[in-house]
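What follows is the residue order along each chain.
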Amino acid sequence: LRFKLIPRTWANMKRGFTAVAALGLLQAAGAWTGSNVLILDHVNVNHERGRHDLLKAFYFDVLGLSPDPRKAENIAKGRKTLWANAGIHQFHLSEGATAQVFDGTVRLAYPTLEPLRRRLSAPPAVLADSEFAFEDIDGGGLRLTCPWGNTVDAVADASAADSRGSQPGEAGEALAMTSVTVRVPRGEQNLDGVARFYEQVLGCEVEREAGAVVLRTGPTQALRFEEAAEGAGDPSHEELEEVEEGLANNGIHLSMYVADLTGAYEKAEALGCLFVNHRFKRRAYTLDEAVDQCMFRLLDVVDPENPTAGPIIRIEHEVRSCTTKDGAKYKSCPFASLEEIGLKTAA
């Protein structure tokens, strides 16, 4: 292969992603290549500080998710972040002065809902004085409300497990996080802009539905953007504050692994969408630092055809690489094998 350097402008970069060789990754024939985004691995949402009792009752005792052993120390202490695993996916449940209510819905798939329904017949008593609730939804599923008002849908789908890997620890009852739905301001132009952003910047496979944009983020998973209900007002997904070192976002964030970190970084940079969150210790101010840190963040979702109009929504993304800069698999990458997902480290 021969490569030629071209100016780093948006017009040039949106024609295609840069060679993944910059990350030491090569696509292998026959693997799923529907999207540069390989997986949306976790959703990070804050819980109320000091209420591990509510957190564990809902995510572990009711939903049947598995506690990640990497946070066992925090479980023992009864404070700080917990991770709740659903197959290859996770909730990251950070502490906050107040709990967050995500303007959207997370869907979990189970082999069958019967054990969950039995648990709901006698839920933990600690949930009684919270926002916890549940109801049946179309298709035989369940809609559950967490102690602080977040919505989790549970469906029976034995085929939903993502066989490409898993999170550490014992397997829980939930097979996978099959979809995450994010609300956006109403208007077809907003949905069109969101679709263009994810297609051109992050390299997603995009589909359109009535009132929604659907991004394929894995063989059995989708990230959905839906118009807010009429009269509901514009959704807000960020909680920004100035701290000593700079700007911090305490809002929810979505974490995803991509095949081409460099290409995604350069496209986000060209649109002015890069974000350094001073809430976290890992920070990438440059492309070299992003490769070194195996990640970068973005906050603003803009229309690439009209970026000066400002963000359509602001929702933080932690965009991760599957490999370190020396070509080894990144320690938190949930895939069992890079080769099995169609990627291999450079020799």
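Residues numbered from 1 in each chain as written. Predicted model: local features only at pLDDT ≥ 70, side-chain atom pairs only at ≥ 80, totals over all residues. Heavy atoms only, no water.

S.K.: Where do I start with the layout of surface pockets in this structure?
M.R.: Any empty space left between the atoms is revealed when a probe the size of a water molecule rolls over them. Looking at the largest pocket, its volume works out to about 860 Å³. In terms of lining, the largest pocket is formed by 29 residues, of which the most central are Lys71, Thr81, Trp83, His92 and Phe280. At the level of elements, strand S2 (37-48), strand S5 (89-96) and strand S19 (313-321) are the ones that each hand at least two residues to the lining of the largest pocket. In terms of residues, the lining of the largest pocket owes the most to one element, S5, which gives five residues. Among the residues making up the lining of the largest pocket, the classes are represented as three nonpolar, 13 polar and 13 charged. (1 Å grid on protein atoms, 1.4 Å probe; cavity = no way out; pocket = protein on both sides within 12 Å on 5 of 7 lines; lining within 4 Å. Points joined across faces, edges and corners; volume = space filled by probe spheres on them. Helix = DSSP H or I, 4+ residues; strand = E, 2+ residues; numbered from the N terminus. Nonpolar A, V, L, I, M, F, W, Y, C, P; charged D, E, K, R; others polar.)

S.K.: Could you clarify how one ought to interpret the sheet that holds strand S6 (residues 104-110) in this entry?
M.R.: Think of a sheet as strands paired side by side through backbone hydrogen bonds, with each pair either parallel or antiparallel. The strand order across the open sheet formed by eight strands is S7-S8-S9-S6-S10-S13-S12-S11, and the pairing between neighbours is mixed. The sheet is open, and its two edges are formed by strand S7 (133-137) and strand S11 (205-209), each paired on a single side. Taken over all neighbouring pairs, the strand axes of this sheet differ in orientation by 20° on average, direction set aside. Strand direction decides the pairing type here: S7 and strand S8 (residues 141-145), joined by five bridges, are antiparallel. The residue of S8 that forms the bridge with Ala133 is Thr145. Across the sheet, helix H5 (residues 188-200) lies against strand S10 (176-184), S11, strand S12 (212-218) and strand S13 (221-227), angled at about 155° from S13, the strand it touches most. (Pairing = 2+ DSSP bridges. Axes fitted to C-alpha atoms, helices over the stretch in contact; angles between N-to-C directions. Contact = heavy atoms within 4.5 Å.)

S.K.: Explain the pattern of salt bridges here, please?
M.R.: Opposite charge on two side chains lets them pair, provided their charged atoms get close. A complete count under the given rule lists 23 salt bridges for this structure. Residue Asp153 is joined to Arg143 by a salt bridge in which the shortest nitrogen-to-oxygen separation is 2.7 Å. Here the residue Asp153 occupies a position in strand S9 (residues 151-156), and Arg143 occupies one in strand S8, the gap between them amounting to ten residues. Accessibility expressed as a relative area gives 3% for Asp153, which makes it buried. The exposure class of Arg143 is partly exposed, given its relative accessible area of 31%. Among the salt bridges present, the one from Glu316 reaches Arg297, with a minimum N-O distance of 2.7 Å. On the criterion of sequence distance, the pair formed by Glu316 in strand S19 and Arg297 in strand S18 (residues 295-301) is long-range, its members being 19 residues apart. Of the two residues, Glu316 and Arg297, both sit in the buried class. The network of salt bridges with shared partners includes Arg282, Arg297, Glu316, Glu318 and Arg320. (Salt bridge = Lys/Arg side-chain N within 4 Å of Asp/Glu carboxyl O. Buried < 20%, exposed > 50% of the residue type's maximum accessible area, 1.4 Å probe, protein only.)

S.K.: In this structure, what is going on with the pairing of S6? I would like to understand it.
M.R.: Within a regular strand, side chains alternate between the sheet's two faces. Most of S6 sits inside the fold, with six of its seven residues counted as buried. Judged from the six bridges that link them, S6 and S10 form a sheet pairing that is antiparallel. Residue pairing in the sheet places Leu108 in a bridge with Met177 of S10.

S.K.: It is not clear to me how H5 should be interpreted in this structure. Could you clarify?
M.R.: Owing to its 3.6 residues per turn, the α-helix aligns residues three or four sequence positions apart on the same side. The terminal C-alpha atoms of H5, which comprises 13 residues, lie 18 Å apart, in line with the 18 Å expected from a rise of 1.5 Å per residue. For H5, the full list of buried residues reads Asn190, Leu191, Gly193, Val194, Ala195, Phe197, Tyr198 and Gln200. (Expected span 1.5 Å × (residues − 1).)

S.K.: Looking at this model, I keep getting lost on empty space enclosed by the protein. Mind explaining?
M.R.: Under the defined criterion, the tally for this structure stands at three cavities of 30 Å³ or more. When its volume is computed, the largest cavity comes out at roughly 80 Å³. For the largest cavity, the full set of lining residues is Val43, Val45, Tyr59, Phe91, Phe102, Val106, Asn150, Thr151 and Val152. Contributions of two or more residues to the lining of the largest cavity are made by S2 and S9. When the residues that make up the lining of the largest cavity are grouped by side-chain class, the tally is seven nonpolar, two polar and no charged. If you add up the space inside the second largest cavity, you get close to 40 Å³. Together, Phe275, Val276, Asn277, Arg282, Arg283, Ala284, Met295, Phe296 and Arg297 line the second largest cavity. Sorting elements by how many residues they give to the lining of the second largest cavity places S18 first, with three residues. Of the residues belonging to the lining of the second largest cavity, the class tally is five nonpolar, one polar and three charged.

S.K.: Whenever I open this one, the pairing of S19 confuses me. Can you help?
M.R.: With eight of nine residues buried, S19 is to be regarded as a mostly interior element. Pairing of strand S16 (residues 253-258) with S19 involves six bridges; the strand directions are parallel. From the neighbouring strand, Ser255 faces S19, where its bridge partner is Glu318. When S18 meets S19, the two strands line up antiparallel, connected through six bridges. From the neighbouring strand, Asp300 faces S19, where its bridge partner is Arg314.

S.K.: Just checking my understanding: could you explain the nonpolar core for this structure?
M.R.: The tendency in soluble globular proteins is for nonpolar side chains to be buried side by side. Ranked by size, the top nonpolar core spans 72 residues in total, and within it Tyr59 and Leu65 carry the most contacts. Element by element, the count of residues in this core is highest for helix H2 (residues 52-62), at seven residues. Residues in contact with Leu65, not counting those within four places in the same chain, are Tyr59, Phe60, Ala84, Asn85, Ala86, Phe91, Leu108, Tyr110 and Ala174. (Core = buried A, V, L, I, M, F, W, Y, C linked by side-chain atoms within 4.5 Å.)

S.K.: So what exactly am I meant to see when it comes to the side chain of Asn46 here?
M.R.: Within the secondary structure layout, Asn46 lies in strand S2. The contacts of Asn46, once residues within four sequence positions are left out, are Ser94, Glu95, Gly96, Thr98, Ala99, Gln100, Asn250 and Arg279.

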